[in-house]
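Coordinate inspection notes
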Amino acid sequence: MNAPVRFDTLPRFATAEKAIESLKPSEPLYLVRPKKFVAAARQFLDGFPGDVLYAVKANPHPIVIEQLWSAGIRHFDTASQGEIEIIKSLFPAAICHFMAPVRLPGQAKIAFEKHGVTDFVVDSDSELDKLLAETGNSKKLRIFVRLVAQLGGALLEMSSKYGCKPEDAAKLLKRVKAAGAQPCLTFHVGSQCLSPFSYAQAIEIAQRTINLAGVEIAALDMGGGFPAAYAGQEPPPFHWYFDMIKEALSNLGRPNLNVMCEPGRALVAEGISLVTQVVMRRGDRLYLNDGIYGSFDEQRFASFDENYPPTGFALDAKGNAKPLSGDPRPFRAFGPTCDSADVLPRPQMLPDTIATGDFVLFGSMGAYTVSSRSPFNGYYPDSWAIIDN
Ligand SMILES: Cc1ncc(COP(=O)(O)O)c(C=O)c1O
């Protein structure tokens, strides 16, 4: 793996077709769409009633962080020392929040002492003990107790690993208060949450927890989960989510409460498309140059039943990239590694004319793609270009 490429060094094209024509990429090629990043960031910054933290895990690439920073994002949900270091090395003025409820020993100490991080999450007594010990029981801390929010509105649930029930959360809030830090609450309704109502339900759970604890909270962080557009899915518009959240917050009756959210997918998915090449076609099988161990890791999740929208392109006799014509039919798309598991689990609908050497463009490839790629078997997608249109 080489040092990360930087935005200002990338080739720039008006359209994906122009990039394919010019580069004829035999390696997977990420196409960065700056306007999409700006549009997504603006929707959150203008519409969400509080601080917008970008969840770095969705895509920690410097190109992506730079896009979001220039669009006005200043807060970052960093879930490890490594993520804090990425953000601080790019933008020392960025505000990092350490929002993982279980941290490696010593990481909270470094985050607090070296990087000035004061927001942390816990969901257990032992992590609270560890956090207080590592930060010298600092009164500056805002400690977010993570609630379980298994509400069924999301394609990828996030509550079977982290979070606690209101009764246990109430006890932790009391402990945080007794320790002199600021008690706060957080939840994650699950990723690709298609139901705005889930946020209102989770805010109600927070309300119940506050009542149980008899402790006022200093901040409420409603995690990520806001959806991105994928093929075959039309998620509700963001303003439905924001309206639902505002209404639920007004029922909470704490107008001065600091409110936060941590979108990952929704800020970055649509900002990157991916060009792959058909290395070989055999019948209904396409062997692509990228797969499960590269940019398609998230396709492994059975519940994640949307597809990236593929479009086939071929170069004509003049070298122009043209969309393939013909009726779409299902193909099995294999990745480049030797592992039989390296196959996209769902059929890819592409015209029957597709042939070896053609290109397949996948949209909405900015989230949980670049961040999960591995160098397994000697393949590591890392070619980039900018698309202005
Ligand atoms: C604590 C936390 N916040 C935010 C996110 C981002 O979620 P999403 O990409 O669904 O917005 C995640 C995802 O794992 C998370 O664990």
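Fair warning: this is a prediction, and the values are worked out from it, not measured in the lab. (Residues numbered from 1 in each chain as written. Predicted model: local features only at pLDDT ≥ 70, side-chain atom pairs only at ≥ 80, totals over all residues. Heavy atoms only, no water.)

Brief notes about the overall build of the protein
The helix and strand tally for the protein stands at ten helices and 20 strands. For the protein, whose C-alpha radius of gyration is 22 Å, the value lies close to the compact-globule estimate of 21 Å for 389 residues. Expressed along its principal axes, the backbone C-alpha trace of the protein runs to roughly 75 × 40 × 40 Å. Burial analysis of the protein (389 residues in total) assigns 56% to the buried set. For the protein, long-range pairs separated by at least 24 residues make up 73% of all intrachain contacts whose partners lie at least 6 apart in sequence. Approximately 15900 Å² of the protein is accessible, and the part contributed by carbon and sulfur atoms is 54%. Positive and negative side-chain charges in the protein, numbering 39 and 42 respectively, have mean positions lying 3 Å apart. (Helix = DSSP H or I, 4+ residues; strand = E, 2+ residues; numbered from the N terminus. Rg over C-alpha atoms; globule rule 2.2 N^0.38 Å. Buried < 20%, exposed > 50% of the residue type's maximum accessible area, 1.4 Å probe, protein only. Contact = heavy atoms within 4.5 Å. Areas by Shrake-Rupley, 256 points an atom, 1.4 Å probe, with all protein chains shown as cover. Lys, Arg positive; Asp, Glu negative; His and termini not counted. Charge placed at Lys NZ, Arg CZ, Asp CG, Glu CD.)

Here's the deal with the pattern of salt bridges
Inspection of every chain in the model, using the stated rule, returns 18 salt bridges. With a shortest N-O distance of 2.9 Å, D125 and R175 are connected by a salt bridge. One end of the pair, D125, is in helix α6 (residues 125-134); the other, R175, is in helix α7 (residues 166-178), and 50 residues separate them in sequence. Residue classification places D125 among the partly exposed positions, given a relative accessible area of 43%. On the basis of relative accessibility, which here comes to 28%, the residue R175 falls in the partly exposed class. When salt bridges that share partners are traced, they join R103, E127 and K130 into one network. (Salt bridge = Lys/Arg side-chain N within 4 Å of Asp/Glu carboxyl O.)

Structural notes on the side chain of D123
Turning to its location among the elements, D123 is positioned in the loop between β6 (119-122) and α6. Buried charge without a partner: D123 forms no salt bridge, and the closest opposite charge is R146, 6.3 Å away. Among the polar contacts made by the side chain of D123, one reaches the main-chain amide nitrogen of G163 at a distance of 2.8 Å. Sequence-distant contacts of D123, that is, excluding residues within four places in its chain, are made with P101, R146, Y162, G163, C164 and L172. (Polar contact = N/O pair within 3.5 Å; in protein donor to acceptor, adjacent residues only side chain to side chain.)

Description of the pairing of strand β17 (residues 328-334)
In this structure, strand β14 (residues 285-288) lies alongside β17, joined through three bridges in parallel fashion. Among the inter-strand pairings, Y287 is bridged to a residue of β17, identified as F334. (Pairing = 2+ DSSP bridges.)

As for the domain arrangement of the protein
Split by domain assignment, the protein resolves into domain 1 (8-31 + 270-387) and domain 2 (35-268). Each of domain 1 and domain 2 was reduced to a C-alpha centroid, and the two centroids are 33 Å apart. Counting from both sides, the interface comprises 22 residues of domain 1 and, opposite them, 20 residues of domain 2. Overall, the association of domain 1 and domain 2 removes approximately 1800 Å² of surface from exposure, summing both partners, and the carbon and sulfur fraction of that is 60%. Inspection of the domain 1/domain 2 interface yields one salt bridge. Linking R265 and E298 is a salt bridge whose minimum nitrogen-to-oxygen distance equals 2.6 Å. (Domains from an automatic or database assignment. Buried area = accessible area lost by both parts, 1.4 Å probe.)

A word on the site of the ligand
Residues in close proximity to the ligand total 15 residues, the closest being S191, G225, E262, G264 and Y368. Note that a nitrogen atom of the ligand is positioned 3.1 Å from one of the side-chain N or O atoms of D77. Within the side chain of S191, an N or O atom sits 2.5 Å from an oxygen atom of the ligand. For the ligand, whose free accessible area comes to 400 Å², the fraction covered by protein is 91%. (Near = heavy atom within 4 Å.)

A closer look at the pairing of strand β19 (residues 359-362)
The side-chain alternation of β19 yields two buried faces, one formed by F359 and L361 and the other by V360 and F362. Where strand β13 (residues 272-282) meets β19, four bridges bridge the pair, whose relative direction is antiparallel. Pairing of L274 across the sheet is with F362, part of β19. When strand β15 (residues 310-315) meets β19, the two strands line up antiparallel, connected through four bridges. The partner of P310 across the bridge, within β19, is F362.

Focus: the environment of V32
Here V32 is to be found in strand β2 (residues 29-32). Here the alpha-carbon distance between V32 and A385, two residues 353 residues apart in the chain, equals 6.2 Å.

A few points about the side chain of H61
Along the chain, H61 turns up in the loop between β3 (51-55) and α3 (62-70). Under the relative-accessibility criterion, H61 is labelled buried at 4%. Filtering out sequence-adjacent residues up to four positions away, H61 remains in contact with P4, V5, V370, R373, D382 and W384.

Notes on helix α8 (residues 197-213)
It helps to recall that an α-helix has 3.6 residues per turn; residues three or four apart then point in one direction. With 17 residues, α8 should reach 24 Å at 1.5 Å per residue; the first-to-last C-alpha distance of 25 Å fits that figure. Buried residues of α8: S198, Y199, A200, A202, I203, I205, A206, T209, I210 and A213, and no others. Buried residues belonging to α8 abut β7 (142-147), α7, β9 (182-187), β10 (191-193), β11 (219-221) and α9 (238-252). Count one or two residues on from α8 and you reach G214, which has phi positive near 65°. (Expected span 1.5 Å × (residues − 1).)

Comments concerning the packing of aromatic side chains
The final tally for this structure, using the stated rule, is 17 aromatic pairs. Ring geometry for F48 versus F242: centroids 6.1 Å apart, planes at 75°, classification edge-to-face. Of this pair, F48 sits in the loop between α2 (34-47) and β3 while F242 is found in helix α9, placing the two residues 194 residues apart along the sequence. Summarising the burial analysis for this pair, F48 and F242 share the class buried. Here the aromatic cluster, defined as three or more aromatic residues joined through ring pairs, consists of F44, F48, Y199, F226, F238, Y241 and F242. Directly above the ring of F98 sits R103, whose terminal nitrogen or CZ lies 5.7 Å from the centroid. Above the face of the F331 ring, R329 is positioned so that its terminal group lies 4.8 Å from the ring centre. (Phe/Tyr/Trp six-rings, centres within 6.5 Å; stacked < 30°, edge-to-face > 60°. Lys NZ or Arg CZ within 6 Å of the ring centre and 35° of its normal.)

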